[in-house]
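Residue strings, one per chain:
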Amino acid sequence: LIGIIAIGFLAMVFRGLRWVQMMKSMGYQVTGTSAVSAVALSYLVNLVTPRVGEIIRCTALKRTNQVPIDKSLGTVVLERMVDLLMFLVVVISTLIISREELSDLLSEKGPELPELTAISISLYVITFLLFTLMIIKTRKHWGQWKLVQKLKGLTAGVVQGIKSLRTVDNKALFWFYSISIWSCYVATIAVGFTLLSGFENIGFEQAFFVSVAAGLGFIIPVPGAWGTYHYLVSSALIILGVSETDGMAFATLIHGSQSLMFVITGALGFVFLYFAGRK
C-alpha cells in the first residue's frame, strides 16, 4: 500500500516537472519544488471543490513566481488536452486487451440519454444558428464593453499558454513525462491487485480496463471522485469476476490511500508556497 502511495506521488512529481517545462517555454523560471507544491495543493482543493484546484495552483505561481494567471491557466488547459489524449491511449489499449469487458461496463453503467426526435434536433439547430447570428450582428456594440475587453486579454493569455507546447525545448522529455504520469496511474491499479485475496485470476493487463473505469470516475465532477470512483471501479472488477465486497474494498483502499497522500502533500505544498510567497 505504501508502494501504491509512492507511485501516485511520483505521478504528481512528473506533472509538476512537465509544468516547469511549459512555464520555461514562455520565459518564466519556476522551480520544480514550487510547481510540484502547487500541483499538490490543487489536488487537495479538488478533494472538496472539483476543478477549483486548477485555479488555485495558477494563483499560487502568481504569488511565488509572478507568472500571469491567464498564461498559467492556458498551460493547464493544454495539460487537460494532453491528458485526454493519454486517456484515449489507455482506452484503445483496453479495447485491444479487454474489449468485451469494456463493452459490458459501458452498456451496464452508461448514462441513459433521452431520445431526440427530428423536430427537437431541428429546434436545437435553429436556436443555435439564430443565437450565433445575433452575436455576430451585435459584436460592434458588445465588443466595446470593459468586461469583454478584459476577457479578450484573458483569452489571449490563455491561448499563449496553450501554444507553449510549440516552444518547449525538449519535446521528447515532455511526452516522457506525459506517458509516465498515466503509466503511474495504471501501475497503481496493477500493484493494487496484490493487496487482497480473490484477485489471483486477474492479470496485470486488466489494469488498463480498471484504469478506464477509474478515469471515468474522476471525469465526473464530484468532489474527490468520492462515490463515482468506488462505484465504477467496483463495477469493473465485478465484470472481471471479483465479488462485490472485494471490489468495493479494493476501490476504497486505492482511493483512500491516494486521498490521504493528497491531504499530506497538499498541506506541505501549502506551507512551502506560503513562505515562498512571503519571500
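All values reported here derive from a predicted model rather than from experimental measurement.

Caption draft 1: Region of interest: the packing of helix α1 (residues 2-25) against helix α12 (residues 244-278). Their axes nearest at 9 Å, the elements α1 and α12 cross at an angle of 55°. Compared by their axis directions, α1 and α12 come out oblique. Regarding α1 and α12, the two cross each other, and that crossing is right-handed. Of the residues in α12, those in contact with Ile4, Ile5, Gly8, Phe9 and Met12 of α1 are Ile254, Ser257, Gln258, Met261, Phe262 and Thr265. Its residues assigned to classes, the contact of α1 with α12 comprises seven nonpolar, four polar and no charged.

Caption draft 2: Broad picture of the nonpolar core. Met12, Trp19 and Met23 are the most contacted members of the largest nonpolar core, which totals 39 residues. At the level of elements, α1, α2 (32-46), α3 (52-65), α4 (69-97), α9 (171-192) and α12 are the ones that each hand at least two residues to this core. Look past the residues within four positions of methionine 12 in its chain and what remains in contact with it is Val39, Ala40, Tyr43, Met261, Phe262 and Thr265. Counting residues in hydrophobic clusters, the runner-up holds 23 residues, among them Val186, Val210, Ala213 and Ala236.

Caption draft 3: Representation of the pattern of salt bridges. One pass over the full model with this rule turns up seven salt bridges. Here arginine 15 makes a salt bridge to glutamate 79, at a shortest N to O gap of 3.4 Å. One end of the pair, arginine 15, is in helix α1; the other, glutamate 79, is in helix α4, with 64 residues separating them in the sequence. For the pair arginine 15 and glutamate 79, a shared accessibility class is recorded, and that class is buried. For glutamate 54, the salt bridge is made with arginine 80, and the minimal N-O distance between the two is 2.8 Å. Of this pair, glutamate 54 sits in helix α3 while arginine 80 is found in helix α4, placing the two residues 26 residues apart along the sequence. Connected through shared salt-bridge partners, Arg15, Arg18, Glu54, Arg57, Glu79, Arg80 and Asp83 make up one network.

Caption draft 4: Layout of the environment of valine 30. Mapping valine 30 onto the fold places it in the loop between α1 and α2. Beyond its immediate chain neighbours, meaning those up to four positions away, valine 30 contacts Val20, Met23, Ala35, Leu61, Asn65 and Val67.

Caption draft 5: Fine view of the packing of α4 against helix α10 (residues 207-219). It is the contact of α4 with α10, at a shortest axis distance of 8 Å, that shows an interaxial angle of 140°. Seen along the crossing, α4 lies across α10 with a hand that is left-handed. Along the contact surface, α4 presents Phe87, Val90, Val91, Ser93, Thr94 and Ile97, while α10 presents Phe208, Phe209, Ser211, Val212, Gly215, Leu216 and Ile219. For the contact of α4 with α10, the per-class residue count stands at nine nonpolar, four polar and no charged.

Caption draft 6: Representation of unusual backbone geometry within the structure. Even without being glycine, arginine 51 reaches a positive phi, approximately 75°. With respect to the element layout, arginine 51 can be found in the loop between α2 and α3. Despite not being glycine, alanine 225 has its phi angle at roughly 60°, a positive value. Residue position: alanine 225 is located in the loop between α10 and α11 (228-239). The exposure class assigned to alanine 225 is buried, which follows from its relative accessible area of 2%.

Parameters at a glance
Residues numbered from 1 in each chain as written. Predicted model: local features only at pLDDT ≥ 70, side-chain atom pairs only at ≥ 80, totals over all residues. Heavy atoms only, no water. Axes fitted to C-alpha atoms, helices over the stretch in contact; angles between N-to-C directions. Helix = DSSP H or I, 4+ residues; strand = E, 2+ residues; numbered from the N terminus. Parallel < 35°, antiparallel > 145°, perpendicular 65-115°, else oblique. Left-handed = near helix turned anticlockwise from the far one by under 90°. Contact = heavy atoms within 4.5 Å. Nonpolar A, V, L, I, M, F, W, Y, C, P; charged D, E, K, R; others polar. Core = buried A, V, L, I, M, F, W, Y, C linked by side-chain atoms within 4.5 Å. Buried < 20%, exposed > 50% of the residue type's maximum accessible area, 1.4 Å probe, protein only. Salt bridge = Lys/Arg side-chain N within 4 Å of Asp/Glu carboxyl O.

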